[in-house]
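Observations on the model geometry
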Amino acid sequence: SEGKMAGIHTKREIRFATKIDQPIRNIRTPRERLVTVKEGATLDQAQALIHKHRLERLLVVKDTFELAGLITVKDIQKAKIKNAQRRNFKSLGSN
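1. Structural notes on the sheet that holds strand β3 (residues 36–38)
The strand order across the open sheet built from three strands is β3-β4-β5, with neighbouring strands paired in mixed fashion. Looking at which strands have only one partner, the edges of the open sheet turn out to be β3 and β5 (67–72). For this sheet, the mean inter-axis angle between neighbouring strands, taken without regard to orientation, is 35°. Bridge analysis of β3 against strand β4 (residues 57–61) gives three bridges, and the strand direction is parallel. Residue pairing in the sheet places Thr36 in a bridge with Leu59 of β4.

The following block contains the structure:
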């Protein structure tokens, strides 16, 4: 249906496709097999799914299964570094 994800097509599907002349719907990862996280999930929840399924990117979806965004491993790493820097800055300011 309109606006909802039907699947995802990545380099991995192309790399392992035996017949690349077939329609994308036959090659892509179908909606039922997508690994997703709902909008509002924590970074720890996203990271757990990324590690469990060995992903580089995690799809963020709305309750209606519309794509809301992507979280990458680098996004999580950057966010954790920023959080650590904030904690260090706060502790330095309290001395």
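2. Side note on the environment of Thr72
If you trace the backbone, Thr72 turns up in strand β5. C-alpha separation for the pair Thr72 and Leu55, spaced 17 residues apart in sequence, amounts to 8.5 Å. If near-sequence neighbours (up to four positions away) are discounted, Thr72 is found in contact with Ile50, Glu56 and Arg57.

3. Looking at the pairing of β5
As defined by bridge partners, β4 adjoins β5 across five bridges and the pair is classed as antiparallel. Opposite Val61, over in β5, you have Leu67 as the bridge partner. Taking the residues that link successive antiparallel strands as the turn, the β4-β5 hairpin has five residues, and the phi of Phe65 there is positive, at about 65°.

Conventions and cut-offs
- Residues numbered from 1 in each chain as written.
- Predicted model: local features only at pLDDT ≥ 70, side-chain atom pairs only at ≥ 80, totals over all residues.
- Heavy atoms only, no water.
- Pairing = 2+ DSSP bridges.
- Helix = DSSP H or I, 4+ residues; strand = E, 2+ residues; numbered from the N terminus.
- Axes fitted to C-alpha atoms, helices over the stretch in contact; angles between N-to-C directions.
- Contact = heavy atoms within 4.5 Å.

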